[in-house]
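Residues per chain are reported as follows:
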Amino acid sequence: MINTRLIIIFVVIVILILLILIALLHFLRSGRKTSRRNKHVKKKKAKTTSSHKRSAAGGPAAKKASPGRAASKTGQGVKSRAVPDAAKRSGKTSGPVPVRLPDDGIEKYARMTEDYTLSKFDVRLKRNELKKYYSERHGFYCVDFTYTVPEDVSFAVFKGNLNDMDTALSNVSGVDTITFASDGVKPVFRTTFYLNK
């Protein structure tokens, strides 16, 4: 009779040996894979370092890089570009510059009045006096424009439209405006601009 215990022990030992062999094979395979990966990484690092050295020493990478790119990296390209741009701009502005006329001062108030009467009534005023003065009574500067209306224009009609004219001149000039009619024989008027604004 074969002892069953011995058979069972033998089978268990064989199974354990097989498991140990399988584990060893698996361990060896994983070790080979990691060694291959390490070698591949080392090769890549060696290639990148050699390419950097070549480009720094004037290798093919450095030859391919244009001088404009190299200059732009160091900041010299920006300076070289800025110089011609500035020269172009200076060349554009170096031409004849339109001269700005100085402010006419109180002349603009006379022109406002003349333009309004010409466009509204088709009347050309004859200038008598244009002056600027400080009004003690009002406490600010005023401009007086004194003018004569042509004889063919009705004095009463022109005087009847003074309120509309004062409103229009106030809107255009931005200051309060009042027109007075003189008591003389000639149809003389005085438009006063109160420069309190």
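For the structure itself, look to the data block above.
These figures come from a predicted structure and were not determined experimentally.

### Focus: the pairing of strand E2 (residues 140-148)
Here comes step 1: With eight of its nine residues buried, E2 lies for the most part within the structure.
Here comes step 2: Alignment of strand E1 (residues 126-135) against E2, held across nine bridges, turns out to be antiparallel. If you follow Glu129 over to E2, its bridge partner there is Thr146.
Here comes step 3: Hairpin connection of E1 to E2: four residues between the antiparallel strands, including Gly139 at a positive phi of 85 degrees.

### A look at the sheet that holds E1
Here comes step 1: Judged by pairing direction, the sheet is antiparallel, and its four strands sit side by side in the order E1-E2-E4-E3 without closing on themselves. Lying at the two open borders of the sheet, with one neighbouring strand each, are E1 and strand E3 (176-181). Direction aside, neighbouring strands of the sheet carry axes that sit 20 degrees apart on average.
Here comes step 2: On the sheet, helix H5 (residues 107-121) packs against E1, E2 and strand E4 (188-194) and is oriented at approximately 135 degrees with respect to E1.

### Concerning the nonpolar core
Here comes step 1: By size, the foremost hydrophobic cluster in this structure holds 17 residues, and its most contacted members are Leu125, Tyr147, Phe158 and Met165.
Here comes step 2: Among the elements of the structure, H5, E2, helix H7 (162-173) and E4 are those that each provide at least two residues to this core.
Here comes step 3: Considering each element in turn, this core owes the most residues, four residues, to H5.
Here comes step 4: Not counting residues within four places of it along the chain, the set of residues in contact with Phe158 comprises Thr117, Phe121, Leu125, Tyr147, Val149, Val153, Met165 and Phe189.

Cut-off values and rules
- Residues numbered from 1 in each chain as written.
- Predicted model: local features only at pLDDT ≥ 70, side-chain atom pairs only at ≥ 80, totals over all residues.
- Heavy atoms only, no water.
- Buried < 20%, exposed > 50% of the residue type's maximum accessible area, 1.4 Å probe, protein only.
- Helix = DSSP H or I, 4+ residues; strand = E, 2+ residues; numbered from the N terminus.
- Pairing = 2+ DSSP bridges.
- Axes fitted to C-alpha atoms, helices over the stretch in contact; angles between N-to-C directions.
- Contact = heavy atoms within 4.5 Å.
- Core = buried A, V, L, I, M, F, W, Y, C linked by side-chain atoms within 4.5 Å.

Honestly, that's just the spatial picture; any functional story needs more than this.
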